[in-house]
Amino acid sequence: IIRGRAKMMSINIKMDTGTANTTVAKGRSIEWIVIHYTAGTSSAAGSAHNLAAWFRAGANPANPASADFIVDDENVVCYNPDIANRYSWGAGGVKYTKMSTSEGGRYYGKCRNSNCINIEICSNKKNRKSLSADDTDWYFTDAELALAAELVKHLMKTYGISADHVIMHHQVTGKLCPAMWTHSEAELEGWKKFQQMFMPAVESNQMFYVQVGAFSSRENAEAYLKTVKKDYPGAFIKSM
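Not measured: the values here are computed from a predicted model. (Residues numbered from 1 in each chain as written. Predicted model: local features only at pLDDT ≥ 70, side-chain atom pairs only at ≥ 80, totals over all residues. Heavy atoms only, no water.)

Novice: I'd like a rundown of the pairing of strand E7 (residues 116–121), residues and numbers included.
Specialist: Looking along a regular strand, one sees side chains alternate from face to face of the sheet. The buried fraction of E7 amounts to 6 of the 6 residues, a majority that puts the element mostly inside the structure. Alternating residues of E7 divide into Cys 116, Asn 118 and Glu 120 and Ile 117, Ile 119 and Ile 121, and every residue in both groups is buried. In this sheet, E7 lies alongside strand E4 (residues 69–71) in parallel orientation, the contact comprising 3 bridges. Considered in E7, the bridge of Phe 69 is made with Ile 119. (Buried < 20%, exposed > 50% of the residue type's maximum accessible area, 1.4 Å probe, protein only. Helix = DSSP H or I, 4+ residues; strand = E, 2+ residues; numbered from the N terminus. Pairing = 2+ DSSP bridges.)

Novice: Give a description of the confidence of the model for the protein chain that names residues and reports values.
Specialist: Detailed reading of predicted coordinates is not advised where the pLDDT is low. On average, residues of the protein chain score 91 in pLDDT, and 93% of them are at 70 or above. Counting contacts from residues 1–8, a segment whose pLDDT is below 50, to residues more than four positions away or on other chains yields 22 contacts. (pLDDT = per-residue confidence, 0-100. Contact = heavy atoms within 4.5 Å.)

Novice: I'd like a description of unusual backbone geometry, backed by residues and values.
Specialist: Of all residues except glycine, most have a negative phi; of all peptide bonds, most are trans. Residues Cys 177 and Pro 178 are joined by a peptide bond in cis, for which omega reads -5°. For Pro 178, the position within the fold is in the loop between helix H3 (170–173) and helix H4 (188–198). Despite not being glycine, Ala 39 has its phi angle at roughly 65°, a positive value. The phi torsion at Ala 59 lies on the positive side, around 60°, for a residue other than glycine. Positionally, Ala 59 belongs in the loop between helix H1 (47–56) and E4.

Novice: Residue-level account of the side chain of Asp 72, with values.
Specialist: The topology assignment puts Asp 72 in the loop between E4 and strand E5 (76–78). For Asp 72, which is buried and forms no salt bridge, the nearest opposite charge comes from Lys 14, at a distance of 7.5 Å. At 2.9 Å, the side chain of Asp 72 forms a polar contact with the backbone nitrogen of Gly 46. At 3.2 Å, the side chain of Asp 72 and the backbone nitrogen of Ser 47 are in polar contact. Asp 72 has contacts with Ser 43, Ala 44, Ala 45, Gly 46, Ser 47, Ala 48, Cys 122, Glu 144 and Leu 147, leaving out every residue within four places of it along the chain. (Lys, Arg positive; Asp, Glu negative; His and termini not counted. Salt bridge = Lys/Arg side-chain N within 4 Å of Asp/Glu carboxyl O. Polar contact = N/O pair within 3.5 Å; in protein donor to acceptor, adjacent residues only side chain to side chain.)

Novice: Now, about the environment of Met 180: what can you tell me, with residues and values included?
Specialist: Relative to the elements of secondary structure, Met 180 occurs in the loop between H3 and H4. Along the primary structure Met 180 and Thr 22 are separated by 158 residues, whereas in three dimensions their C-alpha atoms are 27 Å apart.

Novice: Explain the sheet that holds strand E3 (residues 32–37) residue by residue, including any values.
Specialist: Strand pairing in a sheet relies on backbone hydrogen bonds. The paired strands run either parallel or antiparallel. Ordered in space as E1-E5-E4-E7-E3-E10, the 6 strands form an open sheet in which the pairing is mixed. At either end of the open sheet lies a strand with only one pairing partner, and these are strand E1 (13–15) and strand E10 (166–168). Across the sheet, the mean angle from the axis of one strand to that of its neighbour is 30°, orientation sign disregarded. As paired elements, E3 and E10 share 3 bridges and run parallel to each other. Its bridge partner lying in E10, Ile 35 is registered against Met 168. Running at roughly 160° to E10, H4 makes contact with E3 and E10 of the sheet. (Axes fitted to C-alpha atoms, helices over the stretch in contact; angles between N-to-C directions.)

Novice: Can you tell me about the side chain of Ser 123, naming the residues and giving the values?
Specialist: Looking at the element boundaries, Ser 123 is found in the loop between E7 and strand E8 (124–125). Under the relative-accessibility criterion, Ser 123 is labelled buried at 0%. Sequence-distant contacts of Ser 123, defined by excluding residues within four places in its chain, comprise Tyr 37, Thr 38, Ala 39, Gly 40, Thr 41, Ser 42, Ser 43, Trp 138, Tyr 139, Phe 140 and Met 180.

Novice: Kindly report on the nonpolar core, identifying the contributing residues and their values.
Specialist: Counting 34 residues, the largest nonpolar core has Ile 33, Ile 35, Phe 69, Ile 119, Trp 181 and Phe 194 as its most contacted members. Of all the secondary structure elements, the ones that give two or more residues to this core are E3, E4, E5, E7, helix H2 (142–159), E10 and H4. Aside from chain neighbours lying at most four places away, what touches Trp 181 is Ile 35, Phe 140, Leu 145, Met 168, Glu 187, Leu 188, Gly 190, Trp 191 and Phe 194. One finds Ala 67, Ile 70, Val 77 and Tyr 79 within the second-largest nonpolar core, a separate group that totals 10 residues. (Core = buried A, V, L, I, M, F, W, Y, C linked by side-chain atoms within 4.5 Å.)

Novice: Let's hear about H4: which residues, and what values?
Specialist: What H4 keeps buried is the set Leu 188, Trp 191, Phe 194, Gln 195 and Phe 198. Take H4 and look down its axis: the buried residues cluster within an arc of 115°, on one side only. On the buried face of H4, the contacting elements are E3, H2, E10 and H3. (Arc of directions from axis to C-beta.)

Novice: How would you sum up a nonpolar patch on the surface? Please name residues and give values.
Specialist: Taken together, the side chains of Val 210, Val 212, Phe 215 and Tyr 224 make up a nonpolar region of the molecular surface, amounting to roughly 410 Å² of accessible area. Tracing the sequence through the fold places Phe 215 in the loop between H4 and helix H5 (218–229). By relative accessible area, Phe 215 is classed as partly exposed at 42%. (Patch = residues over 30% accessible without salt bridge, like charges linked within 9 Å, V, L, I, M, F, W, Y side chains within 5 Å. Areas by Shrake-Rupley, 256 points an atom, 1.4 Å probe, with all protein chains shown as cover.)

Structure below.
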């Protein structure tokens, strides 16, 4: 069920491109948008350009990575010069064996670097002496979340991506990314609030339902519901 939200505003995307840590894939299928945090300590203006320069220089040789877009408090930067025919390295990796939330690894094997757009949101941290993903003092500013939401809406419209295909890196591999939203079930509330910022607008409060099965046995219906909930956690049984 999709509820109404604010209309999309215009967005100014600044090009600061490079091809380091990206792969050519002509006419690739773009099905997902994946949200990340940078694990940096400031989202001040300029942070996004700094990260683009770091990607261009090769990033971390031990764990090379990149993103298609980077967002800070004032800027939306595009690093990938050809979204339609090249993909960044952001959502890949091995699935974690232990998950911190019920959302961890939900879309592993479905969402891949080759079929997604990776967005890095510059992170902030209260205690900068420790940069562990396990720390619980990571945070995003309201300003950058507003910009990130506008970027997501722009990309959803441009590439025909539905809101339920906008996900966290955590939901792909189980990684604590973004760390401020993924340590526990309680922290998932931060993600849910961000989701409300890019939900499409609707014209009324009507609800629309899609039936995916009909069963004469309640037991069979509940068994099938477990399968459906893996992709659509809001699914439910209604007796007729």
